There are 2 protein chains.
Amino acid sequence: MPLNVLRDLIRIADKTNTLDRRARIYYHVVGSPHLWKAVVNITRRIVELQEVHPDAQGPVDYWEFERVQDACNSHPDVLAEIAKLKLPIRAKVINDPWAYGTDEGKERRRLFQCYMYIVLNNDPEANHYSLPAPFAPVFDAHTLELCWIDRLPLNSGFETTAETQPWNAVRPVEYAEDILGQDYFRKDLKPLQIFQPDGPSFKIRGRSISWQKWNFHLGWNLREGPVLNNITYDGRSLFYRISMSEMTVPYGDPRTPYHRKQAFDLGDSGFGLTSNTLELGCDCLGQIHYFDGYRCDSEGQPVLMKNVVCMHEVDQGIGWKHTNFRNNLSSVVRDRQLVLQCTATVANYEYILAFILDQTANLHIEVKATGIVSTMPSNEGVHHEWGTTVAPGVTAANHQHLFNVRIDPSLDGRENSIVYEDCVPIGGSDKSLDPFGNAFRVQSTTIKQPGAYDLDLTKSRTYKIVNPSHINSISGKPVGYKLHAIPSQMMMMSPSTFNYKRGVFASRPIWVTKYRDDELYAAGEFTNQSREDTGLAIWSEREEDLENEDVILWHTFGVTHVTRPEGK
Amino acid sequence: MPLNVLRDLIRIADKTNTLDRRARIYYHVVGSPHLWKAVVNITRRIVELQEVHPDAQGPVDYWEFERVQDACNSHPDVLAEIAKLKLPIRAKVINDPWAYGTDEGKERRRLFQCYMYIVLNNDPEANHYSLPAPFAPVFDAHTLELCWIDRLPLNSGFETTAETQPWNAVRPVEYAEDILGQDYFRKDLKPLQIFQPDGPSFKIRGRSISWQKWNFHLGWNLREGPVLNNITYDGRSLFYRISMSEMTVPYGDPRTPYHRKQAFDLGDSGFGLTSNTLELGCDCLGQIHYFDGYRCDSEGQPVLMKNVVCMHEVDQGIGWKHTNFRNNLSSVVRDRQLVLQCTATVANYEYILAFILDQTANLHIEVKATGIVSTMPSNEGVHHEWGTTVAPGVTAANHQHLFNVRIDPSLDGRENSIVYEDCVPIGGSDKSLDPFGNAFRVQSTTIKQPGAYDLDLTKSRTYKIVNPSHINSISGKPVGYKLHAIPSQMMMMSPSTFNYKRGVFASRPIWVTKYRDDELYAAGEFTNQSREDTGLAIWSEREEDLENEDVILWHTFGVTHVTRPEGK
């Protein structure tokens, strides 16, 4: 398999420039359970690294994912369980294979937990998540063996039924128009159209984009999805690289097998690999430009992923306004923005990731979590504290989404410092300085060592990238770029849990490290069935000088999602 | 004066329906320093209340504001100071009268602090804020006497020059296009046009508006600006009234007279009174509908304020999306929103207040703080910690903007409760319940007494309006409406300061009270030169049962604004 990959990659490389191009390749040798990793220097046509990772699991692969799905759908023991449901004719049961997650690291086989769902009609958009089945087989992805079948708890407690019981029929909750019918949808929303008669304001050369005072290169890969490189504003360097680094989704239900549910949607699956290919155009208004991506198939052949990233402009209302109250004359500028967006579908969830640039040198990173909540079957009438009943016999588990963004700054040069500024009152402490008690000042602290740092809303604590050797001519202070952090509840699980050990990055909002090659992913390179965070947990422990150096700033943010029903 | 007001109001009332209409009137009897308040029942043509408030100051009045401005611009002592600046010919000095603020309550006269600015050209949009003059006269608004002239500190310390020195000429920083010239502005932004060929999706009857599943009445007044009343969604009652209640802007500079700067922009001036009248149309795209307001002049005559509120629809990108990964078929809905917006110009600042309704029953309250920072003169080359040098010889003071929103809910009825929910891990405490340590639960606390309450990001604390007697048929829990609070640094000044005593509402993010008539303004009815908060500080102290009652939820949020220059 690696040879095929190598051949294809070399073919691609020959068409590119002479910079040394490298490809990182994960593969399994058929018949062996072990993960192999190779680094291929495509330009020089040599394999620079080839090593086995006996204790690690690589990310989920499309091909294996489908093999497991098929194995589960056709396995006699599974079919026997399905039979016990005594479903109506024409009903079928399908499954979503989930990365196995963690079980305190006991299981080292490459496992998938298949969550089963009932489908009552043949519509390709039938919402099977509204009809979860009460059992979940576990398969070995290498041997395609059925390891065991977990029976799911249907009441508030841990107990499960010894025998799968006939299905207690309920009506599915659908979302698709051709199932619900036209009448279900609102008819009183009048069209709103956006026209750009002279075309968009951006210019594109290959994957280099210029818009307003911005210039940057748009990268893309299977793991991170879109990546911005060499970002400059008005000819000044701002960032070397900005990317979504990782996300983990721990679930708050202690009942087996749910306690294992902890997805790492970048490390396990990949925002690029799971990106919607917008063949039919994307879901945006105005003039859209698309960018393609590539994945490789099980043979290592490149597979085109059409239109995985879309780019367009939006108008975000008033950007700035001032009116002279003496004569009512006003000046106003609007807030035009450039949006680069992708939608990653990870089974039931959609993540809409956008990098948004505006006309005042702000770079916004936006994640919309949408799609469908992850559902569990319950006996009718059962409500419990691990989630919310969202439909008859269906509970949606409470969970957290914890994202990490990696910011590699180059503010007027590669040597930068990270500082945080606190707004603190002088207070009674110094009456001569603050006779009336209204005074406050900004206290600046430079981060000198790698580590994890906190936010402090009581001080409006703000983290800044500064270049100590470039002084603003007006303010007399070093030039800086502020991180507008999103204060969030961090991972709730304690340091003794596997959830925490696997995703230490999710325990603190701010991380600072010194740049090293191949340190891109907050939870480390291999997250699938991982037992520990091999990323920030380790890199942040190094003793290195961070002042006026090549620093990396990482920000963890997210939501605790307490689910709710849509109906009355 | 009150008689004129009465006559005019009755004339208006005769044209309206038969509900008892009342007007609150603030006035001064010429020659007396005291504030009078009257409540006139317009329908019954009687004065229901007429009382003197000897210790209070009413809000700023347009007419008096102009009288003070003129008195300051023409007073011989002020002109003498201006002469000392030795300004170029054709240069003039103008002033912004500021509400005096606080001086520990010593001064009880009705005072205005006039901040003086140099204008070098006759352009009506010349940015005088970039050329602050070094002295600030104080005038009595009743007698128009010059009380004294404050000399402004020009270095980092408290000391001021005994004599006003000749102006050290610097170039102004302008914003207006006809001063800067076309070449100054970007030419590479292509037009983006929004068309609604079938018109907007909203319906209007008088000031009653229906859009999508929303129905509400748009009120408006001089103090609060736009107010939403009787808000229903899909036929269900959500809110009785939603309004911006107050905002205070304490400044962090201890040097006299700056220590006095603490604007209450609703109580002192009014978001309605200072609203831009958009005669030339507003600054929005798409199909706009306008609403008018009224103020009264010094004689009590009503004055039309044209187009003080604009309403239009916007498209906010993807609202919801799901793709079936098995077949790549996706369903998507866009996020259409209805925006009701006004722009209040309070001297140098603009506040753009918007109520935004969406298609999923969310009601967003948005405030954009824009315009021009409040500036102070400094000797060239002087930098100090009370602000940032934003132009040669100009410092912009650090300050806070603390807003309060008043939410009067009627969720499926007037009897509601306020609860907060914390997301807390079970943790090691109960191994039998949480064997793996991943479990968390939602702890709900019902607020039983009026008071001030805090946010807690470490628990994702969420405040909810619930109706305990209406149970959601699916979840089995009381119906609720969540406050998505904005965690902010509260007022920094300590309880011993006048800043704090005047705006206690700004010291805590969440307040809950029991409904009483005329309790609308977080800092109380009279904020101008106030010495204490006569609103939430008092109402939250009452011992009343709040469970399943007519409750009011108040949210304080804001920003600490550490100013920065725009140039390199």
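In this text, all values refer to a predicted model and were calculated from it rather than measured experimentally.

Trainee: Outline the overall build of chain A, listing residues and values.
Mentor: For chain A, the helix and strand inventory stands at seven helices and 30 strands. Sequence separation of 24 or more characterises 62% of the internal contacts of chain A that already satisfy a separation of 6 or more. If you sum the accessible surface of chain A, you get close to 23,300 Å²; carbon and sulfur atoms cover 52% of it. The averaged location of the 71 negative side-chain charges in chain A is 4 Å from the averaged location of its 59 positive side-chain charges.

Trainee: Explain the interface of chain A and chain B to me, using residue names and the numbers behind them.
Mentor: Chain A puts 128 residues into the contact, and the matching count from chain B is 128 residues. When chain A packs against chain B, close to 10,900 Å² is buried across both sides, 53% of that on carbon and sulfur atoms. It is Arg186(A), Phe440(A) and Lys568(A) that lose the most area in chain A upon contact with chain B, and together they represent 7% of the buried surface on that side. Connecting chain A to chain B are six salt bridges. A salt bridge links Arg326(A) to Asp96(B), with the shortest nitrogen-to-oxygen separation between them at 2.5 Å. On inspection of chain A and its partner chain B, the count reaches 73 residue pairs in polar contact (both at pLDDT 80 or more). With twelve residues, the top contributor of residues to the side of chain A that touches chain B is strand β16 (residues 302–324) of chain A. Across the side of chain A that touches chain B, the residue classes break down as 50 nonpolar, 51 polar and 27 charged. Pairing of strand β8 (residues 193–195) of chain A with strand β8 (residues 193–195) of chain B, which is carried by three bridges, proceeds in the antiparallel orientation.

Trainee: Explain the sheet that holds strand β27 (residues 462–471) of chain B residue by residue, including any values.
Mentor: Residue and element names in this part refer to chain B. A sheet is described by the order of its strands in space; here four strands give the open sequence β25-β24-β27-β28, paired in antiparallel fashion. With partners counted over all chains shown, the strands left at the sheet margins are β25 (440–446) and β28 (478–483), one partner each. Sheet twist, expressed as the mean angle between neighbouring strand axes with direction ignored, is 35 degrees. Examined bridge by bridge, β27 and β28 share six bridges and lie antiparallel to one another. Bridge pairing links Val-466 to Gly-480 in β28.

Trainee: An account of the pairing of strand β21 (residues 387–391) of chain B is needed here, citing residue identities and associated values.
Mentor: Residue and element names in this part refer to chain B. Counting buried positions over the five residues of β21 gives five, a clear majority of the element. Across four bridges, β21 lies against strand β22 (residues 394–397) in antiparallel orientation. Across the sheet, residue Ala-391 finds its bridge partner in β22, namely Val-394.

Trainee: Help me get a handle on the sheet that holds strand β2 (residues 35–41) of chain B, residues and values and all.
Mentor: Residues and elements named next belong to chain B. Spatially, β1-β2-β3 is the arrangement adopted by the three strands of the open sheet, whose pairing is antiparallel. Single-partner strands in this sheet number two, and they are β1 (22–28) and β3 (46–53). Averaged over all pairs of adjacent strands, the angle between their axes in this sheet comes to 20 degrees, without regard to strand direction. In this sheet, β2 lies alongside β1 in antiparallel orientation, the contact comprising seven bridges. Bridge assignment links Tyr-26 to a residue of β2, and that residue is Lys-37.

Trainee: An account of the environment of Val390(A) is requested, with residue identities and associated values reported.
Mentor: Assignment of secondary structure puts Val390(A) in strand β21 (residues 387–391). For Val390(A), a relative accessible area of 18% translates into the label buried. Each C-alpha atom of the pair Val390(A) and Glu313(A) lies 37 Å from the other, and the pair is 77 residues apart in sequence. Excluding residues that lie within four positions of it along the chain, Val390(A) makes contacts with Ala396(A), Arg564(A), Pro565(A) and Ile474(B).

Trainee: Please give an account of unusual backbone geometry that cites residues and values.
Mentor: Between Thr256(A) and Pro257(A) the backbone carries a cis peptide bond, its omega angle lying at 5 degrees. As for its placement among the helices and strands, Pro257(A) is situated in the loop between β13 (236–250) and β14 (262–264). If you check the backbone angles, Gln529(A) has positive phi at about 60 degrees while not being a glycine. Examined against the element boundaries, Gln529(A) turns out to sit in the loop between β29 (510–514) and α7 (536–539). Although it is not a glycine, Asn307(B) adopts a positive phi angle of roughly 50 degrees.

Trainee: Quick rundown of the packing of aromatic side chains? Include the residues and the values.
Mentor: With the rule as written, the count across this model stands at 37 aromatic pairs over all chains. Taken together, Phe271(A), Tyr349(A), Tyr351(A), Phe403(A) and Phe557(A) form an aromatic cluster joined through their ring pairs. Positioned above the aromatic ring of Tyr115(B) is the side chain of Lys261(B), whose terminal nitrogen or guanidinium carbon lies 5.4 Å from the ring centre. The ring of Tyr240(B) is capped by Arg414(B), whose NZ or CZ atom sits 4.3 Å from the centre of that ring.

Trainee: With reference to specific residues and values, describe the pairing of strand β28 (residues 478–483) of chain A.
Mentor: The alternating pattern of β28(A) places Val479(A), Tyr481(A) and Leu483(A) on a buried face and Pro478(A), Gly480(A) and Lys482(A) on a face that is not buried. Linkage of strand β27 (residues 462–471) of chain A to β28(A), two consecutive antiparallel strands, is achieved through a turn of six residues, within which Gly476(A) is found at a positive phi near 75 degrees.

Trainee: Tell me about the relation of the copies chain A and chain B, and please be specific about residues and values.
Mentor: Related by rotation about an axis and a shift along that axis, the two copies of the chain form a pair. Overlaying chain A with chain B gives an RMSD of 0.0 Å, the required rotation being 180 degrees about an axis along which the chain moves by 0.0 Å. In symmetry terms, the pair is related by a two-fold rotation axis. By C-alpha distance to the rotation axis, the residue of chain A lying nearest is Ile194(A), at 2.3 Å.

Trainee: I'd like a rundown of helix α2 (residues 62–74) of chain B, residues and numbers included.
Mentor: Residues and elements named next belong to chain B. With 13 residues, α2 should reach 18 Å at 1.5 Å per residue; the first-to-last C-alpha distance of 18 Å fits that figure. For α2, the complete set of buried residues consists of Glu-64, Phe-65, Val-68, Gln-69, Ala-71 and Cys-72. Down the axis of α2, the sector holding all buried residues measures 165 degrees, keeping them to one side. Elements in contact with the buried residues of α2: α3 (76–84), β4 (92–99), β5 (111–119) and β6 (135–140).

Trainee: Which residues make up the state of the cysteines, and what are the values?
Mentor: Residue and element names in this part refer to chain A. Tallied over the entire structure, the rule returns zero disulfides over all chains. Considering cysteine sulfurs only, Cys-114 is the nearest to Cys-72, which forms no disulfide, with 4.0 Å between them. With no disulfide partner, Cys-296 has as its closest neighbouring cysteine sulfur the one in Cys-342, 19 Å distant.

Trainee: Describe the pattern of salt bridges, and please don't skip the residues or the numbers.
Mentor: Going through the model one piece at a time under the given rule, you end up with 70 salt bridges over all chains. Notably, a salt bridge pairs Arg109(A) with Glu107(A), separated by 2.8 Å at the nearest N-O pair. You can call Arg109(A) partly exposed: its relative accessible area is 34%. Look at Glu107(A) and you get buried, because its relative accessible area is 16%. Among the salt bridges present, the one from Arg508(B) reaches Asp454(B), with a minimum N-O distance of 2.8 Å. Here Asp454(B) lies in the loop between β26 (451–453) and β27 and Arg508(B) lies in the loop between α6 (498–502) and β29 (510–514), a separation of 54 residues in the sequence. Judged by relative accessible area, which is 28%, Arg508(B) ranks as partly exposed. What makes Asp454(B) partly exposed here is its relative accessible area of 33%. When salt bridges with common partners are traced through the structure, they connect Asp20(A), Arg22(A), Arg44(A) and Glu48(A) into a single cluster.

Trainee: Got a sec to walk through the side chain of Lys37(A)? Specific residues and values, please.
Mentor: Residue and element names in this part refer to chain A. With respect to the helices and strands, the residue Lys-37 is situated in strand β2 (residues 35–41). Among the polar contacts made by the side chain of Lys-37, one reaches the side chain of Glu-525 at a distance of 3.0 Å. The residues touching Lys-37, leaving out its near neighbours within four places in the chain, are Arg-24, Ile-25, Tyr-26, Tyr-27, Leu-49, Gln-50, Glu-51, His-53, Glu-525 and Phe-526.

Trainee: Quick one: what's the story with the confidence of the model for chain A, residue by residue and with numbers?
Mentor: Confidence along chain A averages 94 in pLDDT terms, with 96% of residues attaining 70 or more. For this predicted complex, the interface confidence score (ipTM) comes to 0.95, while the overall pTM stands at 0.95.

Trainee: Explain the environment of Leu520(A) residue by residue, including any values.
Mentor: All names here are of chain A. Residue placement: Leu-520 occurs in the loop between β29 and α7. For Leu-520, a relative accessible area of 16% translates into the label buried. Sequence separation between Leu-520 and Tyr-27 is 493 residues; the distance between their C-alpha atoms is 20 Å. Other than its neighbours up to four places away in sequence, Leu-520 contacts Glu-224, Arg-241, Ser-245, Arg-406, Trp-539 and Trp-554.

Trainee: Give me the lowdown on the side chain of His259(B), citing residues and values where you can.
Mentor: Tracing the backbone shows His259(B) in the loop between β13 (236–250) and β14 (262–264). The exposure class of His259(B) is buried, given its relative accessible area of 6%. Of the polar contacts made by the side chain of His259(B), one reaches the side chain of Thr256(B); its length is 3.4 Å. If we skip the residues at most four places from it in the chain, His259(B) touches Phe436(A), Asn438(A), Thr102(B), Asp103(B), Asp253(B) and Pro254(B).

Cut-offs and rules
- Residues numbered from 1 in each chain as written.
- Chains lettered and ligands numbered in written order.
- Predicted model: local features only at pLDDT ≥ 70, side-chain atom pairs only at ≥ 80, totals over all residues.
- Heavy atoms only, no water.
- Helix = DSSP H or I, 4+ residues; strand = E, 2+ residues; numbered from the N terminus.
- Contact = heavy atoms within 4.5 Å.
- Areas by Shrake-Rupley, 256 points an atom, 1.4 Å probe, with all protein chains shown as cover.
- Lys, Arg positive; Asp, Glu negative; His and termini not counted.
- Charge placed at Lys NZ, Arg CZ, Asp CG, Glu CD.
- Buried area = accessible area lost by both parts, 1.4 Å probe.
- Salt bridge = Lys/Arg side-chain N within 4 Å of Asp/Glu carboxyl O.
- Polar contact = N/O pair within 3.5 Å; in protein donor to acceptor, adjacent residues only side chain to side chain.
- Nonpolar A, V, L, I, M, F, W, Y, C, P; charged D, E, K, R; others polar.
- Pairing = 2+ DSSP bridges.
- Axes fitted to C-alpha atoms, helices over the stretch in contact; angles between N-to-C directions.
- Buried < 20%, exposed > 50% of the residue type's maximum accessible area, 1.4 Å probe, protein only.
- Phe/Tyr/Trp six-rings, centres within 6.5 Å; stacked < 30°, edge-to-face > 60°.
- Lys NZ or Arg CZ within 6 Å of the ring centre and 35° of its normal.
- Least-squares fit on C-alpha atoms with pLDDT ≥ 70 in both.
- Expected span 1.5 Å × (residues − 1).
- Arc of directions from axis to C-beta.
- Disulfide = S-S within 2.5 Å.
- pLDDT = per-residue confidence, 0-100.

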